[in-house]
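Read off the chains here:
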Amino acid sequence: KMGAKPATMSGPAGVGDIMLTCFVNLSRNRTVGVRLGAGEPLEVILGSGKGVAEGVATAGVVIGLADRYSVSLPVLTAVSRILDNQMSPISAVQAIMDMPQVPEV
């Protein structure tokens, strides 16, 4: 274990950050995702000079840690594969939707 505290994830640093990324148009990570989903190449998005979307650089690192600690992160794995040109956004959505339903907790 890496020593994370559950309260961190359920507080502003965890859920709050996730909610802002998902729902607020000012999020640079969200903007990158929306533009990728619209078919724009990552290189063009990153070259547009509209700030740093830290998720682009950290997605693969998080997947490496998830693998190391045997944590399943299917959505982030799909994001990382999209960023690495291993999967299209539409294929990623389909793969996630096709996953078997299992208890999350």
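Everything discussed here concerns the structure shown above.
In this text the structure is predicted, and so the values were computed from the model without any measurement.

The rules behind the values
Residues numbered from 1 in each chain as written. Predicted model: local features only at pLDDT ≥ 70, side-chain atom pairs only at ≥ 80, totals over all residues. Heavy atoms only, no water. Helix = DSSP H or I, 4+ residues; strand = E, 2+ residues; numbered from the N terminus. Buried < 20%, exposed > 50% of the residue type's maximum accessible area, 1.4 Å probe, protein only. Contact = heavy atoms within 4.5 Å. Lys, Arg positive; Asp, Glu negative; His and termini not counted. Charge placed at Lys NZ, Arg CZ, Asp CG, Glu CD. Patch = residues over 30% accessible without salt bridge, like charges linked within 9 Å, V, L, I, M, F, W, Y side chains within 5 Å. Areas by Shrake-Rupley, 256 points an atom, 1.4 Å probe, with all protein chains shown as cover. Salt bridge = Lys/Arg side-chain N within 4 Å of Asp/Glu carboxyl O. Core = buried A, V, L, I, M, F, W, Y, C linked by side-chain atoms within 4.5 Å. Axes fitted to C-alpha atoms, helices over the stretch in contact; angles between N-to-C directions. Parallel < 35°, antiparallel > 145°, perpendicular 65-115°, else oblique.

Enquirer: So what exactly am I meant to see when it comes to the overall build of the chain here?
Expert: Helix and strand counts for the chain come out as seven helices and zero strands. When the helices and strands of the chain are listed from N to C terminus, the series reads α-α-α-α-α-α-α. Principal-axis analysis of the C-alpha atoms places the extent of the chain at approximately 40 × 30 × 25 Å. The buried share of the chain, taken over its 105 residues, is 17%. Restricting to contacts in the chain with at least 6 residues of sequence separation, those with at least 24 account for 32%. Looking at charge distribution, the chain has the averaged site of its 8 positive side-chain charges lying 7 Å from that of its 8 negative ones.

Enquirer: It is not clear to me how a nonpolar patch on the surface should be interpreted in this structure. Could you clarify?
Expert: Taken together, the side chains of V15, M19, L20, F23, V24 and L26 present a nonpolar region at the surface, about 620 Å² in accessible area. The residue V24 is located in the loop between helix 2 (12-23) and helix 3 (28-37) in this model.

Enquirer: Please clarify how the nonpolar core should be interpreted in this entry.
Expert: Considering soluble globular proteins, one finds that nonpolar side chains tend to be buried as a cluster. Listed in full, the eleven residues of the largest apolar core are V32, L36, L42, I45, A53, A59, A78, I82, L83, M87 and A92. Looking at this core, the elements that each hand over two or more residues are helix 3, helix 4 (42-47) and helix 6 (74-83). The element that contributes the greatest number of residues to this core is helix 6, accounting for three residues. Among residues more than four places away in sequence, those in contact with I45 are V32, R35, L36 and E40.

Enquirer: I tried to follow the packing of helix 3 against helix 5 (residues 54-68) on my own but got confused; where do I start?
Expert: It is the contact of helix 3 with helix 5, at a shortest axis distance of 8 Å, that shows an interaxial angle of 85 degrees. Considered as vectors, helix 3 and helix 5 are oriented roughly perpendicular to each other. Taken together, the residues of helix 5 that come into contact with helix 3 (itself represented by R28, N29 and V32) are E54, G55 and V56.

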